There are 2 protein chains.
Amino acid sequence: MIEAETITSLQNPRVKNLVKLRDRRARNQQGVFIAEGYRAISRALEKEVYPQEIYFCRNCFLGENEDALLSQAASHGARLFELSQHAFEKVAYRDRPEGLLAVIKQWSYGLTDLALSDPPFLLIVEAIEKPGNLGTILRSADAAGVDAVICCDSVTDLFNPNVVRSSTGVLFSMPTVSASTDEVIKWIRDRGIRTVATTPHTDFLYTDISLDGPLAIVMGSEQFGLSDTWLEACDQKARIPMAGQADSLNVAMATLITLFEAVRQRP
Amino acid sequence: MIEAETITSLQNPRVKNLVKLRDRRARNQQGVFIAEGYRAISRALEKEVYPQEIYFCRNCFLGENEDALLSQAASHGARLFELSQHAFEKVAYRDRPEGLLAVIKQWSYGLTDLALSDPPFLLIVEAIEKPGNLGTILRSADAAGVDAVICCDSVTDLFNPNVVRSSTGVLFSMPTVSASTDEVIKWIRDRGIRTVATTPHTDFLYTDISLDGPLAIVMGSEQFGLSDTWLEACDQKARIPMAGQADSLNVAMATLITLFEAVRQRP
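Residues numbered from 1 in each chain as written. Chains lettered and ligands numbered in written order. Predicted model: local features only at pLDDT ≥ 70, side-chain atom pairs only at ≥ 80, totals over all residues.

Trainee: Describe the interface of chain A and chain B, naming the residues involved and giving the relevant values.
Mentor: With 24 residues of chain A at the contact, the number on the chain B side is 24 residues. Looking at the side of chain A that touches chain B, the elements with two or more residues in it are helix H6 (131-144) and helix H10 (251-265) of chain A. Looking at which element gives the most residues to the side of chain A that touches chain B, the answer is H10 of chain A, with six residues. Grouping the constituent residues of the side of chain A that touches chain B by class yields 12 nonpolar, eight polar and four charged. (Contact = placed C-beta atoms within 7 Å. Helix = DSSP H or I, 4+ residues; strand = E, 2+ residues; numbered from the N terminus. Nonpolar A, V, L, I, M, F, W, Y, C, P; charged D, E, K, R; others polar.)

Here's what the structure looks like:
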């Protein structure tokens, strides 16, 4: 039997606070974020990221494993709160809530915390705007086996609910660092890591340049591409050949293609 | 000045019918589909796909080019209907409607209609479930320059509103065929086109096999992968190496990676 406090009132301060946590500022002030749904929370637990609190609503449950998940989270210290359907629908971020919402402590790594493989293989992204793209980029980085994803001049924060969702749990295991472009360029150079920028403005195809050895692939934002600072700082530029209409590849797709060309070339 | 009929009543039969067109059966019965928003409709016009009707609401317009778009569509035969905001919000599929919704005639190609390049380069997808994946796959196919996308045993129809949206207009130009697996296998074999199936259940890496010459890349569904029929019929199987968690690459991402490896290998 699961022990949980019960909440039915929409005026309950915890309910009100969960709604506030949709807002980046509130998340950062409190140092937490929200993971919603069975898959996201079970991925967190698998990766030993333990929620501080879980809010649940039995009426919304879709499967039969929710209780086991709640027990497991509780055994790792999560406080459980059972919400009325009305209250849960208020706090849920999704349209069709699954009756599970976790509050998890944020984390933050610095560049010096990163454990690099030999040779290093990094992905650097600059000012990505759409949370769905950032989540897909994290998945791609995970599948390609990069050491870490470095976010320069972040626009979308990593703990945005749509990044959490679209990363399908990769957020909980992929080392990520947010830092300024200047810091990152200095850090990369100090370590002798070669940088390859993907941009349409070059004659070099991404398949014709070496993506072997110590490497950081650098991707720009959806709307503006890479900043001049990055384009000038990069050791090499590479473009992806495109048939069809100009915007068929978005930044997440271009990142995936480039990462897997690097995987192909790397021993 | 744009001439348009005015609709304010939610009981108007046209308003009611637009709501019905969210349903696949109604779309197929009437042989039409819906494209919503400025980008989708302007892409249709660019590609000489002319709407039969456009419903608009000035209060929802985001930009300044909507009138030009309406004039252009009208000059190609579209009937225009101006809706009250209340009525438009009822018919809009999106959460934040842009005040433009077009009704467009469906089309349908058969295998024999396809114009193949020499050597042919095709993408075959089986029973894709998520409209967003199908739309992304169309974009990838467009960027890779395939001749056509062949959908076997379709689950999601091509004219689903989320396919229209996520294809970012590629739907209007990419030749697509829906057919049964048996028909497609016969057609492919008759033409001597080699088929390569992407599946985790093989030792061959996708980068180690030839993707040159007459080629069809074959991708399975999200949940079930490729059917036994396709796995047995394929000339070669190939897998994508994956670091990280098992589901980091979804079918749309795997399709993109495989298509661009083919692009790399093809002269």
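Trainee: Can you explain the packing of H6 of chain A against H10 of chain A? Please cite residues and give values.
Mentor: Residues and elements named next belong to chain A. Following both chains from N to C, one finds H6 and H10 inclined at 10 degrees, their axes separated by 9 Å at the closest point. By the angle between their axes, H6 is roughly parallel relative to H10. From H6, Asn 133, Thr 136, Ile 137, Ser 140, Ala 141 and Ala 144 reach across to H10, where they touch Val 251, Ala 252, Thr 255, Leu 256, Leu 259, Phe 260, Ala 262 and Val 263. Grouping the constituent residues of the contact of H6 with H10 by class yields 10 nonpolar, four polar and no charged. (Axes fitted to C-alpha atoms, helices over the stretch in contact; angles between N-to-C directions. Parallel < 35°, antiparallel > 145°, perpendicular 65-115°, else oblique.)

Trainee: Describe the sheet that holds strand S2 (residues 32-36) of chain B, naming the residues involved and giving the relevant values.
Mentor: Residue and element names in this part refer to chain B. What the five strands build is an open sheet, ordered S1-S4-S3-S5-S2; its pairing is mixed. Of all the strands in the sheet, just strand S1 (5-7) and S2 have a single pairing partner and so form its edges. Shown here is a sheet whose adjacent strand axes are inclined to one another by a mean of 25 degrees, direction ignored. The sheet strands contacting helix H4 (residues 66-75) are strand S3 (53-56), strand S4 (79-83) and strand S5 (100-105), and the helix crosses S3 at an angle near 160 degrees. (Pairing = 2+ DSSP bridges.)

Trainee: How would you explain the relation of the copies chain A and chain B if you had to name every residue and give the values?
Mentor: Relative to chain B, chain A is turned by 180 degrees and slid 0.0 Å along the rotation axis, the superposed coordinates differing by an RMSD of 0.0 Å. One copy is carried onto the other by what is essentially a two-fold rotation axis. Considering only C-alpha atoms, the part of chain A nearest the rotation axis is Ile 257 of chain A, at 2.9 Å. Comparing contact sets, 100% of the residues at the interface of chain A also lie at the interface in chain B, consistent with an isologous, same-surface contact. (Least-squares fit on C-alpha atoms with pLDDT ≥ 70 in both.)

Trainee: Describe the pairing of S4 of chain B, naming the residues involved and giving the relevant values.
Mentor: The side chains of a regular strand alternate, residue by residue, between the two faces of the sheet. Residues and elements named next belong to chain B. With three bridges joining them, S1 and S4 adopt parallel strand pairing. Directly across from Glu 5, in S4, lies its bridge partner Phe 81. Taken together, the four bridges between S3 and S4 define a ladder with parallel strand orientation. The partner of Ile 54 across the bridge, within S4, is Leu 80. The handedness of the S3 to S4 crossover, carried by H4, is right-handed. (Right-handed = clockwise from strand over helix to strand, strands pointing away.)

Trainee: Residue-level account of the sheet that holds strand S8 (residues 176-179) of chain A, with values.
Mentor: Residue and element names in this part refer to chain A. Here six strands make up an open sheet; going across it, the order is S8-S7-S6-S10-S9-S11 and the pairing parallel. Of all the strands in the sheet, the pair left with one neighbour each is S8 and strand S11 (236-238). Direction aside, neighbouring strands of the sheet carry axes that sit 25 degrees apart on average. The pairing of strand S6 (residues 121-126) with strand S7 (residues 148-152) spans five bridges and is classified as parallel. Looking at S7, one finds that Val 125 is bridged to Cys 151. Docked against the sheet, H10 engages S6, strand S9 (194-198) and strand S10 (215-219), running at close to 165 degrees with respect to S10.

Trainee: I'd love a proper account of the environment of Ala 144 of chain B, names of residues and values included.
Mentor: Along the chain, Ala 144 of chain B turns up in helix H6 (residues 131-144). You can call Ala 144 of chain B buried: it has 26 C-beta atoms within 10 Å. As for Ala 144 of chain B and Glu 46 of chain B, which are separated by 98 residues in sequence, their C-alpha atoms are 20 Å apart. Once residues lying within four places of it in the same chain are set aside, the contact partners of Ala 144 of chain B are Ala 243 of chain A together with Leu 259, Phe 260, Ala 262 and Val 263 of chain B. (Buried ≥ 20, exposed ≤ 12 C-beta atoms within 10 Å, placed from the backbone.)

Trainee: Account for the domain arrangement of chain A, with residues named and values stated.
Mentor: All names here are of chain A. In terms of domains, chain A is made up of domain 1 (5-105) and domain 2 (111-265). Just the C-alpha atoms count here: the centres of domain 1 and domain 2 sit 31 Å apart. Taken together, the 14 residues of domain 1 in the interface contact 10 residues of domain 2. Of all the secondary structure elements, the ones that give two or more residues to the side of domain 1 that touches domain 2 are helix H2 (24-30), strand S2 (32-36) and helix H3 (38-46). (Domains from an automatic or database assignment.)

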